[in-house]
Amino acid sequence: MTTRIDVHQHLIPGFYREALAAAGIGQAGGRDLPAWTPQGALELMATLGAATAILSISTPGTGFLDDPDAAAAMAHRLNEYCAALTAEHPGRFGWFATLPLPDVAAAHTEAARALDAGADGVVLLANNRGNYLGAPGQDDLFAELDQRGAVAFIHPAELPAPAVDGLPPFAADFLLDTTRAAYLLVRHGIVRRYPRIRFILSHAGGFVPYSSHRMALTIAADTGRSPLDVLDDFRGFYFDTALSSSPAALPTLLAFAREGHVLFGSDWPFAPAAAGQYFANGLDTHPGLSPAGRDAINHGNAAALFPRLGRTPTPVAAASARDRMRAAVQHRAARAVFRLVQPR
């Protein structure tokens, strides 16, 4: 049954691709910008069994634009596009609003406008031109999001440092970038001062579940807080499974995250369909998950976080026999590959 809610799916409208090209940008995270169309998104969703996808703009967001007014205008245009696309496909798409950070005042204004216009939350890059989430000076934005009980989807950007030859940023730097933002949000007390913001960390939180105790002891030593309180703050994040539901990563995430705080994510189109199927199969076949636990990750946890998207099953047009056969073949092939690469 097609019931998954994919909280980590991207879009690349044509006008945004053109603006990136005009700035000499043809990659994100060390990968060429992939093709994207609404129809392609719907086809991918059918392949993965997703009824709904919440769309967001990935790195570099609007940070590639030097003029703050141009960045604010681009964020506004992207959000208008997302609102229109969602209206054209009711129940199939949601959207996280793009904000023109690091300009906090402009981001505050656009967040309020977009959330009033129906955005399901906001997307915040872990760093914007080297300015990290959780750094001083962002309270006005967080206060607005807290007042609204908003969802804030944290997505990595390229590190504010030279790339390493042979190491594409998406492979490891992205995980560090998310971890840095999560650390600062906890270290500087943002998650405690603004408890009504529901923060989602991409890619199973980067290194957060794996290194949480190490980071908690560091913050406790710096601040005098109890390590258990700091750990509780880290466990308060939500986490998506994009590129992360492997036999190595998923057990650590499930052991660390609070019940109800793990959400399905694909990272399409930056993660190709084959990668989405590979990791979806990891979730579907993980022996430590009960059917109820798997259903919660696929649908229930996101439905609780986004009631608008989870009230009723989204009607999906029946696929043709050819499409069903192709999806079944792809599914079996992905499962075969998944079994082959597991450690013995």
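Residues numbered from 1 in each chain as written. Predicted model: local features only at pLDDT ≥ 70, side-chain atom pairs only at ≥ 80, totals over all residues. Heavy atoms only, no water.

Caption draft 1: Looking closely at the pattern of salt bridges. Using the criterion set out here, one finds eleven salt bridges in the structure. We note a salt bridge from Glu-80 to Arg-113, for which the minimum N-O separation is 3.0 Å. Here the residue Glu-80 occupies a position in helix 3 (residues 68-88), and Arg-113 occupies one in helix 4 (residues 104-116), the gap between them amounting to 33 residues. Here Arg-193 makes a salt bridge to Asp-139, at a shortest N to O gap of 2.9 Å. With Arg-193 in helix 7 (residues 190-193) and Asp-139 in helix 5 (residues 139-148), this residue pair connects regions lying 54 residues apart in the sequence. Asp-139 sits in the partly exposed class, given a relative accessible area of 28%. (Salt bridge = Lys/Arg side-chain N within 4 Å of Asp/Glu carboxyl O. Helix = DSSP H or I, 4+ residues; strand = E, 2+ residues; numbered from the N terminus. Buried < 20%, exposed > 50% of the residue type's maximum accessible area, 1.4 Å probe, protein only.)

Caption draft 2: Highlighting empty space enclosed by the protein. One pass over the full model with this rule turns up three cavities of 30 Å³ or more. The volume enclosed by the largest cavity comes to roughly 80 Å³. Surrounding the largest cavity, Ile-57, Pro-60, Gly-61, Thr-62, Gly-63, Thr-98, Leu-99, Leu-101, Val-123, Leu-124, Leu-125 and Asn-128 form its lining. Ranked by residues supplied to the lining of the largest cavity, first place goes to strand 6 (residues 121-125) with three residues. Its residues assigned to classes, the lining of the largest cavity shows seven nonpolar, five polar and no charged. In this model, the second largest cavity occupies a volume close to 60 Å³. With four residues, the top contributor of residues to the lining of the second largest cavity is helix 11 (residues 273-284). When the residues that make up the lining of the second largest cavity are grouped by side-chain class, the tally is seven nonpolar, five polar and no charged. (1 Å grid on protein atoms, 1.4 Å probe; cavity = no way out; pocket = protein on both sides within 12 Å on 5 of 7 lines; lining within 4 Å. Points joined across faces, edges and corners; volume = space filled by probe spheres on them. Nonpolar A, V, L, I, M, F, W, Y, C, P; charged D, E, K, R; others polar.)

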